[in-house]
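Chains, contacts and geometry: an overview
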Amino acid sequence: MVEDGRGRERAERSAQSSGGRQRNGGPGDPGEASGAGRGAAEPHFVVQIHDASTLHFDFRLEVDGVLKSWSVPKGPSTDPHDKRLAMPTEDHPLEYREFEGVIPEGEYGAGTVIVWDEGSYHPLRNKRKQGSRDRSRSRSFRESLDDGHIAFWLDGSKLHGGYALTRFRGGRGSGERESWLLVKENDERAEGRGTPDARRARSVLSGRTLRQVAADDTPERRGDG
């Protein structure tokens, strides 16, 4: 579940107040990047754990100035054999990638949020076969996203290497809600450990668990009372 209205505004204000952070570059990509601009600042990704009406991971990629978002119930895996359901949710502002805290009861998406992982990413060349009319030019990452398949290389603190998101239901006027699969590429950064327990997982920003973030958000700790 995602937040809107007052809950989302509160989250944005909290993210903005935290200020920006300088990131170091991650390991290089042995694969082939698509498009130009690898020398420029690479777009961000973030994975947040959200303990709302259901506990889930929110996987977000910076695309065209917003965070394209998917709710991933079991979280992204480092094991290429795991196919993780990913349900698209609404776009979020870029500042939201730094939000960590509690959305109050009574607001949509009420619950605790931690930033489990963050970093940069770059697109990888689309390995799916294209129609003959598309072979004469490279497709943009946004076009590939609209077509229902993107591949990308993550340089995070916890997630590394190639991943792919593929739509397998809905899209293109079908009338069905879209469903995607998030899968780790079988590369040298693949592992067999899957995803950690969401309730024991720690924030990459503060080192805190969901429970610790919730405990730190009492009125006394915030100075509200």
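Relevant structure appears above.
Definitions and limits used
- Starting afresh in each chain, residues are numbered from 1 along the sequence in its written order.
- Two thresholds apply to this predicted model, a pLDDT of at least 70 for residue-level local features and 80 or more for giving and counting side-chain atom pairs, whereas whole-chain, interface and lining totals are computed over all residues.
- Neither water nor hydrogens contribute to the side-chain values; these are computed over all heavy atoms in the structure.
- Only Phe, Tyr and Trp rings take part, Trp by its six-membered ring, and two of them pair if their centres are within 6.5 Å. Stacked means planes under 30 degrees apart, edge-to-face means over 60, and tilted covers everything else.
- Helix numbers and strand numbers start at the N terminus; a helix is a DSSP run of H or I with at least 4 residues, a strand a run of E with at least 2.
- Buried, partly exposed and exposed residues are distinguished by accessible area as a fraction of the type maximum, computed with a 1.4 Å probe on protein chains only: under 20%, between the cut-offs, and over 50%, respectively.
- Remark: a charge is flagged as sitting over a ring if the NZ atom of Lys or the CZ atom of Arg is within 6 Å of the ring centre and within 35 degrees of the ring normal.
- Remark: nonpolar core denotes a set of buried residues (Ala, Val, Leu, Ile, Met, Phe, Trp, Tyr, Cys) joined through side-chain atoms within 4.5 Å.
- Contact between two residues is taken to exist if any of their heavy atoms lie within 4.5 Å; hydrogens are not considered.
- A side-chain nitrogen of Lys or Arg and a carboxyl oxygen of Asp or Glu constitute a salt bridge if their distance falls within 4 Å.

Structural notes on the packing of aromatic side chains
Summed over all chains, the structure comprises 7 aromatic pairs. Ring plane angle 70 degrees and centroid distance 5.8 Å describe the contact between Trp 70 and Trp 180, whose orientation is recorded as edge-to-face. Linking Trp 70 in strand 3 (residues 66–72) with Trp 180 in strand 9 (residues 179–184), this pair joins segments that are 110 residues apart in sequence. Per residue, the accessibility class of Trp 70 equals that of Trp 180, and both read buried. For the ring pair Tyr 96 and Phe 99, a centre distance of 5.5 Å and an interplane angle of 25 degrees mean the geometry is stacked. According to the relative accessible area criterion, Phe 99 is buried, its value standing at 1%. One residue, Lys 184, lies across the ring of Tyr 163, its end atom 5.2 Å from the ring centre.

Focus on the nonpolar core
Ranked by size, the top nonpolar core spans 28 residues in total, and within it Phe 59, Leu 61, Trp 70, Phe 152 and Leu 165 carry the most contacts. The element best represented in this core is strand 2 (residues 55–63), accounting for 4 residues. Residues contacting Leu 61, with those up to four places away along its chain left out, are His 44, Phe 45, Val 66, Leu 67, Lys 68, Trp 70, Tyr 121, Phe 141, Ile 150, Phe 152 and Leu 165. Listed in part, the 5 residues of the second largest apolar core include Tyr 96, Phe 99, Ile 103 and Val 113.

What to know about the pattern of salt bridges
Across all of its chains, the model carries 12 salt bridges by this definition. Between Arg 142 and Asp 64 there is a salt bridge whose closest N-O contact spans 3.5 Å. Here Arg 142 is found in helix 2 (residues 141–147), whereas its partner Asp 64 is found in the loop between strand 2 and strand 3, with 78 residues between them in sequence. Given the relative accessible area of 59%, Asp 64 is considered exposed. Its salt-bridge partner being Arg 142, residue Asp 146 comes within 3.2 Å of it at the nearest N-O pair. Here the residue Asp 146 and the residue Arg 142 both occupy positions in helix 2, the gap between them amounting to 4 residues, near one helical turn. Accessibility expressed as a relative area gives 39% for Asp 146, which makes it partly exposed. Because the salt bridges share partners, they merge into one network encompassing Asp 64, Arg 142 and Asp 146.

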